[in-house]
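Listed below, chain by chain, are the residues.
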Amino acid sequence: MIPFLDLKAAYDELSPDLETALLRATRSGWYIGGEEVEAFEAQFAAYTGAPYCVGVGNGLDALTLALRAMDVGVGDEVIVPSHTYIATWLAVSAVGATVVPVEPTEGQFNIDVAAIQAKITAKTKVILPVHLYGIPADMEAICALAKQHGLLVLEDAAQAHGAAVRGKRIGTHGDAVAWSFYPGKNLGALGDGGAVTTRHEHLAQRICALGNYGSAVKYYNLEPGVNSRLDPLQAAVLSVKLAALDEWNTRRQALAQRYLEGLQGLPLQLPVSPAWANTIWHLFVIATPQRDALQTWLQAHGVQTLIHYPVPPHLQQAYQSLGWQAGDFPCAERYANQVLSLPMGPQLSVTAVDQVIELVQQFFGAQ
Ligand SMILES: *Cc1c(COP(=O)(O)O)cnc(C)c1O
């Protein structure tokens, strides 16, 4: 059996350091905020090149609190990808703003920057690109467009830890960058976690207060906030895992390269990493009209695959009230029907990837 992602193997590889860090945190007597959280925030800020990093409870909160800190609310429009994980949209809805979806570039997975312009109105406040699957969005073009129209940029970097655009790591291109440390992400905790990186001191301070009941000084509340903080035990874990991130991303890149070469020439859409991008392959996603048959074939031969994601946000029951219909975002809908994520992870062996390649070749050879 080739698993889609082996989190147990990831734990085992780092277990001595993880267990030392966890014991240190549990024995400290300090269980909210404190040194572990501050140390990780400083390390992750340095890693991403951001002057500020604020730990929060999870990736969805990172997005939501960043939008609140940007004063985005009812009556405002936020440009989002039509093809993304629903959390990107939920954050916009949570602050009462309106999602304005934009389709991906043809043959690729990220937002089509050329199509954004036509969706900008007097109500547009923020462009919210997603570095989907670990492939960075074209931040230079997006930031130039935002500047031209006086808009803010919030990046959903939940799948992009360590990715870079023209040599500059994700973390400071936009006005704020939201991160998730959900266990399966490239930098994953042993539970929920999230952060926002930013170059704006006022955003960092406001996000920090918003996640702490709206309070910057204990028992003095500036605005109605929430409780969303990075747990010190998770921070201790993340410090250990951050030290391994670049090496683990390099392993993913070697596996992705093998997939790209091995699957070349088959009747399927391969993921595209632009020449200017350092892609960190959170997922290795292909697309084919024969997706369901291919998934069944791989499963029958012991290969676990997943679908990211089977229903596009605009057709989810959660967004029924917005009245979108099948056909409104054809590219997102096609991907929902055609995408398949092959096994990918730093503990996956080259032999396993070669077996997957061989099986995919056999599938198409038999068609
Ligand atoms: C995982 C993810 C999120 C949400 O992060 P959580 O920590 O699970 O709340 C948001 N956006 C994208 C693109 C994600 O992959």
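Residues numbered from 1 in each chain as written. Predicted model: local features only at pLDDT ≥ 70, side-chain atom pairs only at ≥ 80, totals over all residues. Heavy atoms only, no water.

> Can you walk me through the pattern of salt bridges in this structure?
Where charged atoms of side chains with opposite charge meet at close range, the side chains can pair. Here the structure, examined in full by the defined rule, presents 12 salt bridges. A salt bridge links Lys 125 to Asp 76, with the shortest nitrogen-to-oxygen separation between them at 3.9 Å. Here Lys 125 is found in strand S4 (residues 124-127), whereas its partner Asp 76 is found in the loop between helix H3 (59-69) and strand S2 (77-81), with 49 residues between them in sequence. Its relative accessible area of 15% is what places Asp 76 among the buried residues. Several salt bridges converge on common partners, so that one network encompasses Glu 13, Glu 247 and Arg 251. (Salt bridge = Lys/Arg side-chain N within 4 Å of Asp/Glu carboxyl O. Helix = DSSP H or I, 4+ residues; strand = E, 2+ residues; numbered from the N terminus. Buried < 20%, exposed > 50% of the residue type's maximum accessible area, 1.4 Å probe, protein only.)

> Just checking my understanding: could you explain the side chain of Gln 234 for this structure?
Positionally, Gln 234 belongs in helix H7 (residues 232-262). Note on Gln 234: relative accessible area 13%, which makes it buried.

> So what exactly am I meant to see when it comes to the site of the ligand here?
The environment of the ligand is formed by Asn 58, Gly 59, Leu 60, Tyr 85, Ala 87, Val 130, Asp 156, Ala 158, Gln 159, Ser 180, Tyr 182 and Lys 185. At a separation of 2.7 Å, an oxygen atom of the ligand approaches a polar backbone atom of Gly 59. Asp 156 is positioned with one of its side-chain polar atoms (N or O) 2.7 Å from a nitrogen atom of the ligand. Protein chains bury 91% of the 380 Å² of accessible surface belonging to the ligand in isolation. (Near = heavy atom within 4 Å. Polar contact = N/O pair within 3.5 Å; in protein donor to acceptor, adjacent residues only side chain to side chain. Areas by Shrake-Rupley, 256 points an atom, 1.4 Å probe, with all protein chains shown as cover.)

> Hey, could you run me through the pairing of S2 in this one?
Note on strand geometry: in a regular strand, side chains alternate between the two faces of the sheet. Burial analysis of S2 places five of its five residues in the buried class, which makes it a mostly covered element. Bridge count between S2 and S4: three bridges; the pairing is parallel. Residue Val 78 lies in a different strand from S4, and its bridge partner there is Val 126. (Pairing = 2+ DSSP bridges.)

> Mind showing me how you'd approach H7 here?
Side chains of residues three or four places apart in an α-helix project in the same direction, reflecting 3.6 residues per turn. With 31 residues, H7 should cover 45 Å at 1.5 Å per step; its first-to-last C-alpha distance of 43 Å lies within 8% of that length. Of all bends in H7, the biggest is about 45°, found at Leu 245. Residue Asp 231 occupies the N-cap position of H7, its side-chain oxygen lying 2.8 Å from the main-chain nitrogen of Leu 233. (Expected span 1.5 Å × (residues − 1). Bend = angle between axes of the 7 residues up to and from the residue.)

> What should I look at first to understand the side chain of His 314 in this one?
Of note, His 314 is situated in the loop between helix H8 (291-300) and helix H9 (330-338). Discounting chain neighbours no more than four positions away, the residues touching His 314 are Trp 89, Trp 324, Gln 325, Asp 328, Phe 329, Ala 332 and Glu 333. (Contact = heavy atoms within 4.5 Å.)

> Help me understand helix H5 (residues 139-149), please; the structure alone is not making it clear to me.
Among the residues making up H5, those that are buried are Met 139, Ile 142, Leu 145 and Ala 146. Angularly, the buried residues of H5 cover 130° about the axis, an arc narrow enough to put them on a single face. Residues of H5 that are exposed and point over 90 degrees away from its buried face: Lys 147 and Gln 148. Those residues of H5 that are buried are in contact with S4, strand S5 (152-156) and strand S6 (164-165). Among the residues trailing H5, Gly 150 stands out with phi positive, at a value near 65°. (Arc of directions from axis to C-beta.)

> Help me understand a nonpolar patch on the surface in this model?
There is a patch of nonpolar side chains on the surface, built from Val 217, Tyr 219 and Tyr 220 and spanning about 440 Å² of accessible area. Looking at the secondary structure, you find Tyr 219 in the loop between strand S10 (215-217) and strand S11 (220-221). Residue classification places Tyr 219 among the exposed positions, given a relative accessible area of 70%. (Patch = residues over 30% accessible without salt bridge, like charges linked within 9 Å, V, L, I, M, F, W, Y side chains within 5 Å.)

> I'm lost on the packing of H3 against helix H6 (residues 201-210) in this one. Help?
Two quantities define a packed helix pair, namely the angle between the helix axes and the distance between the axes. As a packed pair, H3 and H6 sit with axes 9 Å apart at the nearest point and diverge in direction by 120°. Accordingly, the angle class assigned to the pair H3 and H6 is oblique. For the pair H3 and H6, the crossing hand works out as right-handed. Each of Leu 65, Ala 66, Arg 68 and Ala 69 in H3 lies in contact with H6, whose residues at this interface are Leu 203, Arg 206, Ile 207 and Leu 210. (Axes fitted to C-alpha atoms, helices over the stretch in contact; angles between N-to-C directions. Parallel < 35°, antiparallel > 145°, perpendicular 65-115°, else oblique. Left-handed = near helix turned anticlockwise from the far one by under 90°.)

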